[in-house]
Amino acid sequence: DAGITQSPRHKVTETGTPVTLRCHQTENHRYMYWYRQDPGHGLRLIHYSYGVKDTDKGEVSDGYSVSRSKTEDFLLTLESATSSQTSVYFCAIRSSSGYEDEQYFGPGTRLTVT
Amino acid sequence: TQLLEQSPQFLSIQEGENLTVYCNSSSVFSSLQWYRQEPGEGPVLLVTVVTGGEVKKLKRLTFQFGDARKDSSLHITAAQTGDTGLYLCAGAHTGGFKTIFGAGTRLFVKA
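Presented here is an overview of the structure given in this document. Because the structure is predicted, anything quoted here is derived from the model rather than measured.

## Comments concerning the nonpolar core
B:Leu19, B:Trp34, B:Leu74, B:Ile76 and B:Leu107 are the most contacted members of the largest nonpolar core, which totals 23 residues. Put simply, the parts of the chain that give this core at least two residues each are β2 (10-14), β3 (19-24), β4 (31-37), β5 (44-49), β7 (61-65), β8 (71-76), β9 (85-92) and β11 (105-110) of chain B. Once residues within four sequence positions are removed from consideration, B:Leu74 is found in contact with B:Leu19, B:Thr20, B:Val21, B:Trp34, B:Leu61, B:Thr62, B:Phe63 and B:Tyr87. Judged by nonpolar contacts, the second largest core, of 19 residues, contains A:Cys23, A:Trp34, A:Leu78 and A:Cys91.

## Points about the interface of chain B and chain A
Each partner contributes residues to the interface: chain B has 23 residues there, and chain A has 22 residues. For the pair chain B and chain A, the two sides together bury roughly 1,800 Å², of which 55% comes from carbon and sulfur. Contact with chain A buries surface across chain B, with B:Phe97, B:Lys98 and B:Phe101 losing the most and accounting together for 32% of the total. The interface formed by chain B and chain A contains five residue pairs in polar contact (both at pLDDT 80 or more). Listed by contribution, the elements that provide at least two residues to the side of chain B that touches chain A are β4, β5, β9 and β10 (99-101) of chain B. At four residues, the largest contribution of residues to the side of chain B that touches chain A is made by β4(B). Looking at the side of chain B that touches chain A residue by residue, the classes come out as 10 nonpolar, 10 polar and three charged.

Quick notes on the rules
Residues numbered from 1 in each chain as written. Chains lettered and ligands numbered in written order. Predicted model: local features only at pLDDT ≥ 70, side-chain atom pairs only at ≥ 80, totals over all residues. Heavy atoms only, no water. Core = buried A, V, L, I, M, F, W, Y, C linked by side-chain atoms within 4.5 Å. Buried < 20%, exposed > 50% of the residue type's maximum accessible area, 1.4 Å probe, protein only. Helix = DSSP H or I, 4+ residues; strand = E, 2+ residues; numbered from the N terminus. Contact = heavy atoms within 4.5 Å. Buried area = accessible area lost by both parts, 1.4 Å probe. Polar contact = N/O pair within 3.5 Å; in protein donor to acceptor, adjacent residues only side chain to side chain. Nonpolar A, V, L, I, M, F, W, Y, C, P; charged D, E, K, R; others polar.

Any link to function would need more than the numbers given here.
Here's what the structure looks like:
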């Protein structure tokens, strides 16, 4: 258990509204990631962070922004939600021990945009 | 775009059968991970392989990294209903911050 929580766990929102998802970790990991998971696509990287206020884009970053003002929190914002952003969103941290490429995931947020 | 292709996409077998799932790429990876994901939960790390030709065993699961570090396989012996889930492989490159995930193999083991 890497001490990762996500909130909310489920959300239904309307097209055009802003949405913020939160990822919280308790073990001071430097690297944090946001993925979306859709059938047939596996996990696709949206944004990642390599430190406080240090973030970069992943392969599917359009329509999303992130912020990391504290080590423990990584926020994902959908500026104006669209139906194509209906998905399950996972936050992950990168291992600080063992093999450095290993990631540990939160429980996910299921987002539905109507 | 670097891709990890997993096969088969879906597998339905009887309890007690053996199976192998594959993860292939044209890229060389410094390490490769296998994860298992159950419905409504996040992926859970099973194993990491780092050396070409490496074989790791986790109870009834055997993981192998290809000699050229471009592919991997997961073999399950005498599958049980508890093995049901989505199996994901993921590859990383030396010094990189990002991991590439395959689309997964969905395994269903029938009692």
